[in-house]
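# Overview (structure and organization)
Listed below are the residues making up each chain.
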Amino acid sequence: MAIGEDFNYWQGEFGDNYRTGVCDYINDEKVEEILARAAEPTRGEIRRIIDKSLELRGLTPEEAATLLLVEDEELIDEFLEAARQIKEKIYGKRLVLFAPLYFANICSNNCLYCGFRRDNQEVQRKKLTQEEIRKEVEALEREGHKRLLVLTGESPATDLDYVIKGIETAYQTKTEKGGEIRRINVEIAPLSTEQFRELKKAKIGTYTCFQETYHRPTYKRMHPEGPKANYEWRLTAMDRAQQAGIDDVGIGALFGLYDYRFEVIGLLLHAEYLDKTYGVGPHTISVPRLNPALGTPIQEPPYPVSDEDFKKLVAVLRLAVPYTGIILTTRESEEMRNELFLHGVSQISAGSRTTPGGYDENEERRHDLEQFSLHDLRPIDDIIIEIARNGYIPSFCTACYRLGRTGQDFMDLAKPGKIQEFCKPNAMMTFKEYLVDYGTEKSREFGERCLAEQLEELKKEHPKLASKIAENLEKIGRGEHDLYL
Ligand code: SAM
Ligand code: SF4
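For clarity, every value in this text was computed on a predicted model and none was experimentally measured.

## With respect to the site of ligand 1
Around ligand 1, a shell composed of 19 residues is seen, among which Glu212, Lys228, Arg234, Asn291 and Arg331 lie nearest. Measuring from an oxygen atom of ligand 1, one finds a side-chain N or O atom of arginine 234 at 2.7 Å. At 2.7 Å, a backbone N or O of asparagine 291 approaches a nitrogen atom of ligand 1. Calculation on ligand 1 without its partners gives an accessible area of 560 Å², and the protein chains cover 97% of this total. A class-by-class count of the residues in the shell around ligand 1 yields 9 nonpolar, 4 polar and 6 charged.

## Concerning the site of ligand 2
Around ligand 2 sit 9 residues, and of these Cys107, Asn109, Cys111, Cys114 and Lys228 come closest. Residue composition of the shell around ligand 2, by class: 4 nonpolar, 3 polar and 2 charged.

## Some thoughts on the nonpolar core
Grouped together as the largest cluster of nonpolar side chains are 137 residues, with contacts concentrated most on Leu199, Tyr207 and Leu313. In terms of residue count, the dominant contributor to this core is helix 12 (residues 260-278) (10 residues). Two domains each provide a minimum of three residues to this core, namely domain 1 (7-28 + 85-414) and domain 2 (420-477). Here leucine 313 is in contact with Leu68, Phe255, Tyr260, Val264, Val287 and Val305, once residues within four sequence places are set aside. The next biggest cluster of nonpolar side chains, apart from the first, holds 16 residues, and it includes Phe98, Tyr102, Cys107 and Leu112.

## Description of the pairing of strand 7 (residues 325-328)
As a general feature of sheets, a regular strand has side chains that alternate between the two faces. Every second residue of strand 7 is oriented toward a common face, with Gly325 and Ile327 on one face and Ile326 and Leu328 on the other, all of them buried. Of the strand pairs in this sheet, strand 6 (residues 284-286) and strand 7 are connected by 3 bridges, and their pairing is parallel. Note on strand 7: the bridge partner recorded for threonine 284 is glycine 325. One crossover worth recording links strand 6 to the parallel strand 7 by way of helix 13 (residues 307-320), and it is right-handed. As judged from the 2 bridges shared by strand 7 and strand 8 (residues 347-349), these two strands associate in the parallel manner.

## Here we look at unusual backbone geometry
Despite not being glycine, leucine 56 shows a phi value in the positive range, around 65°. Residue position: leucine 56 is located in the loop between helix 3 (43-54) and helix 4 (61-68). The residue lysine 203 is not glycine, and still its phi comes out positive at about 60°. Position of lysine 203 among the secondary structure elements: in the loop between helix 8 (193-201) and strand 4 (207-208). By relative accessible area, lysine 203 is classed as exposed at 56%.

## Quick look at the pairing of strand 2 (residues 147-151)
Within strand 2, 5 of the 5 residues are buried, leaving the element largely enclosed by the surrounding structure. Judged by which residues are buried, strand 2 turns out to be covered on both faces: Arg147, Leu149 and Leu151 on one side and Leu148 and Val150 on the other are all buried. Summarising the sheet, strand 1 (residues 94-102) and strand 2 pair through 4 bridges and their orientation is parallel. Across the sheet, residue alanine 99 finds its bridge partner in strand 2, namely leucine 148. Considered for its hand, the β-α-β crossover made up of strand 1, helix 6 (residues 130-141) and strand 2 is right-handed. Direction of pairing for strand 2 relative to strand 3 (residues 183-187): parallel, over a ladder of 5 bridges. Bridging from a neighbouring strand, arginine 147 pairs with arginine 183 of strand 3. In this view, the connection linking strand 2 to its parallel neighbour strand 3 by way of helix 7 (residues 160-172) has right-handed handedness.

## Some details on the side chain of serine 352
Examined against the element boundaries, serine 352 turns out to sit in the loop between strand 8 and helix 15 (380-389). At 3.5 Å, the side chain of serine 352 and the side chain of serine 349 are in polar contact.

## Topic: the domain arrangement of the protein
Where the parts come together, the accessible area they lose is often given as the size of the interface. Assigned domains within the protein: domain 1 (7-28 + 85-414) and domain 2 (420-477). Taken over C-alpha atoms, the centre of domain 1 sits 29 Å from the centre of domain 2. The interface is formed by 32 residues belonging to domain 1 together with 21 residues belonging to domain 2. Counting the surface lost from both domain 1 and domain 2, the interface buries some 2,100 Å², and carbon and sulfur atoms represent 62% of this. Three residues, Lys177, Asp381 and Ile393, lead the burial of domain 1 against domain 2; their summed loss comes to 25% of the area buried on that side. Across the pair arginine 182 and glutamate 433 runs a salt bridge, and its minimum N-O distance is 2.7 Å. Counting across the domain 1 and domain 2 interface gives 8 residue pairs in polar contact (both at pLDDT 80 or more). Elements supplying a minimum of two residues to the side of domain 1 that touches domain 2: helix 5 (73-91), helix 15 and strand 9 (393-395). No other element matches the 6 residues that helix 15 contributes to the side of domain 1 that touches domain 2.

Rules used throughout
- Residues numbered from 1 in each chain as written.
- Chains lettered and ligands numbered in written order.
- Predicted model: local features only at pLDDT ≥ 70, side-chain atom pairs only at ≥ 80, totals over all residues.
- Heavy atoms only, no water.
- Near = heavy atom within 4 Å.
- Polar contact = N/O pair within 3.5 Å; in protein donor to acceptor, adjacent residues only side chain to side chain.
- Areas by Shrake-Rupley, 256 points an atom, 1.4 Å probe, with all protein chains shown as cover.
- Nonpolar A, V, L, I, M, F, W, Y, C, P; charged D, E, K, R; others polar.
- Core = buried A, V, L, I, M, F, W, Y, C linked by side-chain atoms within 4.5 Å.
- Buried < 20%, exposed > 50% of the residue type's maximum accessible area, 1.4 Å probe, protein only.
- Helix = DSSP H or I, 4+ residues; strand = E, 2+ residues; numbered from the N terminus.
- Domains from an automatic or database assignment.
- Contact = heavy atoms within 4.5 Å.
- Pairing = 2+ DSSP bridges.
- Right-handed = clockwise from strand over helix to strand, strands pointing away.
- Buried area = accessible area lost by both parts, 1.4 Å probe.
- Salt bridge = Lys/Arg side-chain N within 4 Å of Asp/Glu carboxyl O.

Spelled out as C-alpha cells, the structure:
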C-alpha cells in the first residue's frame, strides 16, 4: 500500500479469544474504591507507609493511594527523600540513556492528542526506507548511543515484517570506533501472540505499550477510531507478549488525559496483575506528560498535572514498585529531568527527535513530521555532563539482556540487591567507552572525575571487584570495547 492511501484497512476483527484476567483486575469501580478508601491520611499512617517502602517491599495500591493524597510539603519532601534512597539502594548512582528511533509517522488511529493521527492534514507522512534507517542508526551511533527504542504508528504500511526488517537493519549497522546498537526496545501497537513470537525472534529487549489512560470513558473519547479504539485489546497486550516469551515488558500512562491519581493506581494494579500472573512485574513504567502536537484537537491537557504533582507521582511509583525501572523522556524540561533522576527515574532518552528521519544531519528540524513537541533539546554530550556533574554515572549498559538476565532472572538478582554489583561496574565501563570514543573535552573532564569517585566508593564496598573494574577501565582507555559483567 502506498503512503497516504486509504487507511481504513482495519475491519474491527480481533477474534474473541483475547480477553484475560487483567480485564476484570483493572476496572473503574475498583480504582475509584481504592482512591476513596485512602481519603484523609493521618501523619502516623503516612510515616508508616514511608518506613515500609524503605524496606524495599513495595506498597499496595491502597498505600500508594494514601501517599498520592498528601498535600503537606514537609511530608512530600519525606517521601521524595525516601524515593532517592530507594533508587540509590537498588540501582546505585546511575542513569541509563537511550534514543527513540521513529521508523514512520503513518497511522490508522485517530488518537485526539497525537500528531501522527490519521486525520491530521498538517503532518507530512513519511516511512523510512531500510537505507534511511541505516543512516539514522549511523547518526545515533556516532553520538555514542547503544540502546534504541523503535517506534511507529499503526498502519498496514508499516506492518510487522517492515518493523522486523528495520530492527535487523539497525542491529547490522556498524560504524567506526566500535559503533553498534546492542539493545533495541520496541514500542509499537499491540500484536497477536503469534506476531509477538515473530517479534521476539528479532532479538528485541523490552516490548513497551502505554495504556494511555486506564479510565475507560476517557479512553473511549480519546481513541475514537481504528484498532486502538479497543481498550481491552490494548490492556491484554502484555499477556500476549508474556505468553509469546517476551518477559521484559514496559507499561505507561499518558499523564494529562485523566486524573493522575487514577492513572497511578491503574499502573500499579497492572503491575500487580503481571507479577501475580507471570511471576514478574513490568520491567519499566513510563511517565509521559501530554505535550501539544501540531494539528490535533487537544492542545491543552484536560487534566493538567502540575510539576509538583508530577514529582510526587514519580516518587510514589518509586516507593511502590522499587524494582521497576522508571522512564522519563525529553518531553520534560532539563530542570524537571535533573530533579526527577534524583527521586526515582532510572532511564532517560537523550538527544531525541520524534520525527522519522530526524537524526540526519543534512535535514533541518521538521515540525510538520513530528509526533509532539519536545522540551529538552540539548545534545547528548551536554546531558551527560549534567548527569556526571550530579555525581551520577550515565550508563549505556545492555549486559543483562545480552546475558539472558531478563524477566524473572533479572528480578531474582534485583530483589536481594545483587543487581548493583553488576549495574554499577557495567555503567562505569560503558560510560568510559563513551568518553573515549565520543566525549568532548568538557565531558571527559567531568566524566573522568565522576568515574574516579565511583571507583573509590566501589573499593570500599567490593575491593576485589573494584580492582577488576579499574583494570577494565584501563583496557577501554587503550581502545577495547564492549566489556561487561
Ligand atoms: N503508535 C503506537 C502506540 O500508540 O502505542 C506506538 C507508540 S506512539 C508513537 C508513542 C506514545 O507517544 C503513545 O503511546 C503516547 O502515549 C505518546 N504520545 C502521543 N501523543 C503525545 C503527545 N501529544 N504528548 C506526549 N506524548 C504523546
Ligand atoms: Fe497512532 Fe500511536 Fe499516535 Fe495514536 S499515539 S495516533 S496509535 S502513533
